[in-house]
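Each chain, letter by letter, is given below.
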Amino acid sequence: VMFAAMFISKALGAVLKIPLGNILGGEGMGYFTTAYSIFTPVLSFACAGIPTILTRSVAGYAASGDYGRIAAMRKCSLILALLLGTAGACLIYITAIPFVGFIANSPDSLPGVLIIAPATLFCSVTAVYRGYYEGLSDTLPTALSQVIEAAVKALLGVGLSYIVYANGVRLFGSQSAALPYSAAAAILGVTVSEMCGMIYMLIRSRRKSDSFSTSGRIIPKEEMFRMCREIFMASLPISLGAAA
């Protein structure tokens, strides 16, 4: 299932990158990749550690039938994902101007950097649900969310970028001046695709068969807090390694 999803996602990724490169050219693709260069390490830190710990823990608790703790683990992981995703998005917003001005030396990349920031939150939440389902030995939700993201990214990314570029003279005076905004439009497709993947996971999680919130014993709040701390501390080395 995961192989098929990866194959489809990579094929759709080519549908995005190849036409997009023809629309934007080297300069426009530079604006596009600059947004990713700040997004990728922040995303790695926010998404790598918690889902890994969650998958391992859920698998163990499922084997022992401790469904109450599975529900608690998912809840704690989602809280941490919301906090880390929001912090990551805020970090990108705060550092956007210094990054494009002094590090990337590409001030025109600013619109794309600002637009991609919310994707950190969407990806962080989606990653937790993927880790949760994989811990239950169900890879279909992960695969479907990846295909949904890739399809939306390809369609919206190319479509929005082309619309902005085609109207560049009317909107910005020249197509050259429109390149940063055409690249930002493609980035908007990326952000919306991540949001669609998250929405799919939220809808999927509402199924009764996928929820253990009413099963097993009730976990006290003090234990929930301790569990959140343990998940964060266990995931921290993984997150730091991924970001590095």
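Read on for an overview of the structure. (Residues numbered from 1 in each chain as written. Predicted model: local features only at pLDDT ≥ 70, side-chain atom pairs only at ≥ 80, totals over all residues. Heavy atoms only, no water.)

Some thoughts on a nonpolar patch on the surface
Line of reasoning, step 1. Nonpolar side chains collect at one region of the surface, where Val1, Leu140 and Leu144 lie side by side and expose about 250 Å² of accessible area between them.
Line of reasoning, step 2. Along the chain, Val1 falls in the segment before helix H1 (2–47).
Line of reasoning, step 3. On the basis of relative accessible area, Val1 is assigned to the exposed category, the value being 58%. (Patch = residues over 30% accessible without salt bridge, like charges linked within 9 Å, V, L, I, M, F, W, Y side chains within 5 Å. Areas by Shrake-Rupley, 256 points an atom, 1.4 Å probe, with all protein chains shown as cover. Salt bridge = Lys/Arg side-chain N within 4 Å of Asp/Glu carboxyl O. Helix = DSSP H or I, 4+ residues; strand = E, 2+ residues; numbered from the N terminus. Buried < 20%, exposed > 50% of the residue type's maximum accessible area, 1.4 Å probe, protein only.)

Some details on helix H5 (residues 119–135)
Line of reasoning, step 1. Compared with the 24 Å implied by 1.5 Å per residue over 17 residues, the 24 Å span of H5 between its first and last C-alpha is a close match.
Line of reasoning, step 2. Burial analysis of H5 places 15 of its 17 residues in the buried class, which makes it a mostly covered element. (Expected span 1.5 Å × (residues − 1).)

Some details on the packing of aromatic side chains
The description of two aromatic rings rests on the distance between their centres and on the angle between their planes.
Line of reasoning, step 1. Taken as a whole, this structure holds four aromatic pairs when the rule is applied.
Line of reasoning, step 2. Ring geometry for Phe32 and Tyr36: centres 5.4 Å apart, planes at 45°, overall tilted. With Phe32 and Tyr36 both in helix H1 and four residues apart, this pair spans about one turn of that helix.
Line of reasoning, step 3. Look at Phe32 and you get buried, because its relative accessible area is 1%.
Line of reasoning, step 4. Seen in terms of ring centroids, Tyr36 and Phe39 are 6.0 Å apart; in terms of plane orientation they differ by 80°. Their pairing is edge-to-face. (Phe/Tyr/Trp six-rings, centres within 6.5 Å; stacked < 30°, edge-to-face > 60°.)

What to know about the pattern of salt bridges
Line of reasoning, step 1. Tallied over the full model, the rule gives five salt bridges.
Line of reasoning, step 2. In this structure, Arg130 and Glu149 form a salt bridge, with 3.0 Å as the shortest nitrogen-oxygen distance. In this pair, Arg130 sits in helix H5 while Glu149 sits in helix H6 (residues 140–166), placing the two residues 19 residues apart along the sequence. Here Arg130 matches Glu149 in class, with each residue buried.
Line of reasoning, step 3. One connected set of salt bridges, linked through shared partners, spans Asp66, Arg69 and Glu223.

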